[in-house]
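# Observations on the three-dimensional arrangement
Okay, here's what each chain looks like letter by letter:
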Amino acid sequence: MYTIVYSEELAPSVKLFHVQAPLIAKKCQPGQFVIVRMDDEGERIPLTIADFDREKGTITLIFQEVGHSTRQMGSLKQGDQFLDVAGPLGKATHIEKFGTVVCIGGGIGVAPVYPIARAYKEAGNKVISIIGARNKDLLILEKEMAAVSDVFHITTDDGSKGRKGLVIDPLKELIEAGEEIAVVMAIGPVVMMRSVAEVTRPYSIHTIVSLNPIMVDGTGMCGGCRVSVANENKFACVDGPEFDAHEVDFAGLMARQRMYHHHEKQERPQGGSCKCHG
Ligand SMILES: Cc1cc2nc3c(=O)[nH]c(=O)nc-3n(C[C@H](O)[C@H](O)[C@H](O)COP(=O)(O)OP(=O)(O)OC[C@H]3O[C@@H](n4cnc5c(N)ncnc54)[C@H](O)[C@@H]3O)c2cc1C
Ligand code: FES
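Residues numbered from 1 in each chain as written. Chains lettered and ligands numbered in written order. Predicted model: local features only at pLDDT ≥ 70, side-chain atom pairs only at ≥ 80, totals over all residues. Heavy atoms only, no water.

### Details of the pairing of strand S6 (residues 58–64)
Residues in a regular strand point their side chains to alternate faces of the sheet. By the criterion of burial, S6 is predominantly enclosed, with six of the seven residues buried. Where strand S5 (residues 51–53) meets S6, three bridges bridge the pair, whose relative direction is antiparallel. The partner of Phe52 across the bridge, within S6, is Ile59. Taken together, S5 and the strand that follows it, S6, pair antiparallel across an intervening segment of four residues, in which Gly57 is found at a positive phi of about 75°. (Buried < 20%, exposed > 50% of the residue type's maximum accessible area, 1.4 Å probe, protein only. Helix = DSSP H or I, 4+ residues; strand = E, 2+ residues; numbered from the N terminus. Pairing = 2+ DSSP bridges.)

### Observations concerning the UniProt feature "binding site: [2Fe-2S] cluster" (unreviewed entry) in the protein chain
The UniProt entry lists Cys222, Cys225 and Cys237 under the feature "binding site: [2Fe-2S] cluster" (unreviewed entry), expressed in the numbering used here. Maximum C-alpha separation among the annotated residues is 10.1 Å over a sequence range of 16 residues, consistent with a single clustered spot. Relative to the helices and strands, Cys225 is located in the loop between strand S14 (206–210) and strand S15 (226–229). With sequence-adjacent residues up to four places away left out, Cys225 is seen in contact with Pro213, Ile214, Met215, Lys234, Phe235, Ala236 and Cys237. (UniProt positions renumbered as here; feature names shortened; annotations may be inferred. Contact = heavy atoms within 4.5 Å.)

### Points about the environment of Phe52
Mapped onto the elements, Phe52 comes out in strand S5. Along the primary structure Phe52 and Gly79 are separated by 27 residues, whereas in three dimensions their C-alpha atoms are 18 Å apart. Once residues lying within four places of it in the same chain are set aside, the contact partners of Phe52 are Ala25, Cys28, Pro30, Thr58, Ile59 and Arg118.

### Comments concerning the UniProt feature "binding site: FAD" (unreviewed entry) in the protein chain
In the numbering used here, UniProt assigns the "binding site: FAD" (unreviewed entry) feature to Ile62, Phe63 and Gln64. As for its position among the elements, Ile62 is in strand S6. With residues up to four places along the chain from it excluded, the contact list for Ile62 reads Leu10, Val14, Lys15, Leu16, Ala50, Ile108, Ala111, Ile140 and Leu141. On the secondary structure map, Phe63 appears in strand S6. Residue classification places Phe63 among the buried residues on the basis of a relative accessible area of 2%. When sequence neighbours within four positions are dropped, the list of residues in contact with Phe63 reads Ser13, Val14, Lys15, Phe17, Leu47, Thr70, Met73, Gly74 and Ile108.

### A word on the sheet that holds S6
Taken in spatial order, the five strands line up as S5-S6-S2-S1-S7 in an open sheet, and their pairing is antiparallel. Single-partner strands in this sheet number two, and they are S5 and strand S7 (81–82). In terms of strand pairing, strand S1 (residues 2–11) meets strand S2 (residues 14–20) through six bridges, oriented antiparallel. Bridging across to S2, Ala11 finds its partner in Val14.

### Things to note about unusual backbone geometry
Backbone torsion omega between Gly87 and Pro88 reads 0°, so that peptide bond is classified as cis. By the secondary structure assignment, Pro88 is in strand S8 (residues 84–89). For Leu141, which is not a glycine, the phi torsion comes out positive at approximately 55°. Locating Leu141 in the fold gives a position in the loop between strand S10 (126–133) and helix H4 (142–147). Notably, Asn231 is not glycine yet its phi reads approximately 65°, a positive angle. As for its placement among the helices and strands, Asn231 is situated in the loop between S15 and strand S16 (232–235).

Listed below in structure tokens is the structure:
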């Protein structure tokens, strides 16, 4: 069993847990994720390792309540336990000193971007971060992101904090101002990651996105998480979740997510929420 040793509400419907998981905390690297299951009847939910404390043996999970399982997870409190936490899963982010790196997080995507931005910074890169949300109440990890960034931008769709607009606006300006960017790392809603890819494509700026297709086992055994990258089928759980943004078939990814949405609606009234049959 994996105990929740700390719990905090970061924003409406966004929760942070520190979970006691010493073996995972010992091994995990930025970019990796875990699959959690709350109890015997629970489904398997992939969540990024947003932070870790190797000494205390804890990992940090930050999640948004979007459906049945994440809402159920949101009702857990400090002292409650997960039945299973499997990980670390997926490939770690490739970190080295590249020069200037732009880290972009949209909405809950700021959670997975944070440990990556910190690792880029520790490797000696100049880190420019851009985080965005629909409004100020939905912004998370502002202080943490600012602390690991040389330059830090906030955007909100409604202008309630930072600059009014989208995360791609400061990115466009940086490029137009001639900033020499070695890598752009973008994590957030698929539409956001696709827009970032379109901004950097004409300039051939190496751009990485972390994909979140629906997963089942998370260990490469089912293909539920397949995505087309450079016209080849890849399994996001073992080949990713990070991929070259300029090679990802975003339209295909969105179509698959919509397809599952339909299944979710149909399956839930019958009492099931299994995602294996997409
Ligand atoms: C590698 C990976 C890392 C992730 N990390 C995080 C994280 O750190 N924090 C976090 O909040 N979420 C993360 N997710 C997404 C999270 O797994 C889903 O939100 C969760 O499985 C939804 O379960 P549910 O039963 O609550 O919602 P469901 O009832 O299954 O779905 C509710 C709605 O959310 C959509 N949805 C479900 N799963 C996903 C998904 N994987 N991506 C996009 N939309 C989805 C459904 O289509 C539906 O519209 C990650 C996903 C992956 C694959
Ligand atoms: S989730 Fe089954 S292969 Fe990736």
